[in-house]
Amino acid sequence: MLALNRMTLEVLTPALIFTALTDKSFHIGEQLPLAIGGVLLILICGAIAIPLAKPLGISRRALMPSMMFMNAGNMGLPMAVLAFGPASLPAFVALWLVCNLLQFTLGVRIVSDNASWRALLRSPLLIVMALGLIFSVGGWHLPAIMMPGLRMMGDASIALMIFSLGVRLTDVNLRDWRIGVIGGALRPLAGIIVALPLAWLLPLSGEQRGLLLMYAALPPAVVNYLMAEQYQSEPEKVASIVLIGNAMALLFVPIGLWLGLKMG
């Protein structure tokens, strides 16, 4: 699966990010307080994971990304539109952006000490993020004829992430289910606990507070497994956390939605 995972991370996922950032309704300047909230939420959840790793029998490198980076793309984006309407999409794209930016810089460094900052800055994902932000700030757009193909490539990344996770789950050992249950529950619980004070301390609108709470309750991202597989950071345990965490979304996402709609 290594070749397929690399194609997903370096070709298809950049297409997904670029099409979101260059959408005509996205303006990063309007969403800076919300983006700051997303950054603080991720960093604090990562700090919470540090003392919990050893008692759970999992390395910090494997647990921290699963606590920090949530399924903001293929679950969060449609959920935001469903709960808050299409007008909320640009705000949630800002949260998705900071999640991706931190995951493919700080997150990679957490997973692997061998990943150099110079190599990270040359990665397709970061290059595409920078281009997408430049296009967004400048109000530029690619020719309309190119966008359907890019969107199709981006949509394919979601299906291939799930397929890759399914392949890894054939090797999951039953002893990893305990870690999966605990890690899958810790991700949204820690997120909600951290997001509640942030939602009131930061200068956010009602809708932005609601989106931050919903974002905090999302399960671990499938990309966490892809990175663990690529850098061999206990991928079996990370796969269990991702699988069970996404199953637990049936419990925790409604809680986050309820809190978000109430605060929004």
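Scope of this entry: the structure provided in the associated data block. Computed from a prediction, not measured in an experiment: that's the story for all the values here. Along each chain, residues carry numbers from 1 onward, in the same order as the chain's sequence is written. pLDDT decides what is reported in this predicted model: residues at 70 or higher carry local features, side-chain atom pairs at 80 or more are listed and counted, and totals for whole chains, interfaces and linings draw on all residues regardless. The basis for every side-chain value is the complete set of heavy atoms in the structure, and neither hydrogens nor water enter the calculation.

## So, the overall build of the protein chain
Working step 1: A run of H or I in DSSP counts as a helix once it spans at least four residues, and a run of E counts as a strand once it spans at least two, with each numbered from the N terminus. The helix and strand tally for the protein chain stands at 13 helices and zero strands.
Working step 2: Each helix and strand of the protein chain, ordered N terminal to C terminal, gives the series α-α-α-α-α-α-α-α-α-α-α-α-α.
Working step 3: With the radius of gyration taken over C-alpha atoms, the globule rule is written as 2.2 Å times the number of residues to the power 0.38. In terms of C-alpha radius of gyration, the protein chain reaches 17 Å, essentially the compact-globule figure of 18 Å for 264 residues.
Working step 4: Seen along its three principal axes, the alpha-carbon backbone of the protein chain occupies a region of about 50 × 40 × 30 Å.
Working step 5: By residue count, 55% of the 264 residues in the protein chain fall in the buried class.
Working step 6: Only heavy atoms matter for contacts: two residues are in contact if any of them lie within 4.5 Å across the pair. Sequence separation of at least 24 residues holds for 82% of the intrachain contacts in the protein chain that already meet a minimum separation of 6.
Working step 7: Method for areas: the Shrake-Rupley scheme with a 1.4 Å probe, in which residue coverage is limited to the protein chains shown. Counting only carbon and sulfur atoms, one obtains 71% of the accessible surface of the protein chain, whose full area is about 11,600 Å².
Working step 8: Charge separation in the protein chain, taken as the distance between the mean sites of 16 positive and 11 negative side-chain charges, equals 7 Å. A 1.4 Å probe rolled over the protein chains alone gives each residue an accessible area, and that area as a share of the maximum for its type sets the label: buried under 20%, exposed over 50%, partly exposed in between. Neither His nor the chain termini are counted; the positive set is Lys and Arg, and the negative set is Asp and Glu. Where a charge lies is defined by one atom per residue type: Lys uses NZ, Arg uses CZ, Asp uses CG and Glu uses CD.

## Considering the pattern of salt bridges
Working step 1: Here a salt bridge means any side-chain nitrogen of Lys or Arg lying within 4 Å of a carboxyl oxygen belonging to Asp or Glu. Across all of its chains, the model carries two salt bridges by this definition.
Working step 2: Taking the shortest distance from any N to any O, the salt bridge between R6 and E10 comes out at 3.2 Å. Residue R6 and its partner E10 are located together in helix α1 (residues 2–21), separated by four residues, close to a single helical turn.
Working step 3: Classification of E10 by relative accessible area gives partly exposed; the value is 31%.
Working step 4: Here E234 ties to K237 by a salt bridge, and the two come within 3.0 Å at their closest N and O atoms.

## Points about the packing of helix α5 (residues 89–111) against helix α7 (residues 124–138)
How two helices sit against one another is set out by the angle between their axes and by the gap between those axes.
Working step 1: An axis is simply a line fitted to the C-alpha atoms; with a helix, the fit covers only the stretch in contact. Between two such axes, the angle follows the N-to-C directions and lies from 0 to 180 degrees. Contact geometry of α5 with α7 gives a least axis separation of 10 Å together with a crossing angle of 150 degrees. Between α5 and α7, the angle is such that the two are roughly antiparallel. For α5 against α7, the interelement crossing comes out left-handed. Listed contacts from α7 to L97, N100, L101, F104 and T105 of α5 are L125, L126, M129 and L133.
Working step 2: Note that Gly is not counted as nonpolar here; it falls among the polar residues with everything else outside the nonpolar set of Ala, Val, Leu, Ile, Met, Phe, Trp, Tyr, Cys and Pro and the charged set of Asp, Glu, Lys and Arg. Among the residues forming the contact of α5 with α7, the class breakdown is seven nonpolar, two polar and no charged. Oblique is the label for any angle not covered by the other classes, which are roughly parallel (under 35 degrees), roughly antiparallel (over 145) and roughly perpendicular (65 to 115). By the definition used in this description, the sense in which the near helix is turned from the far one sets the handedness, with an anticlockwise turn below a right angle giving left-handed and a clockwise turn giving right-handed.

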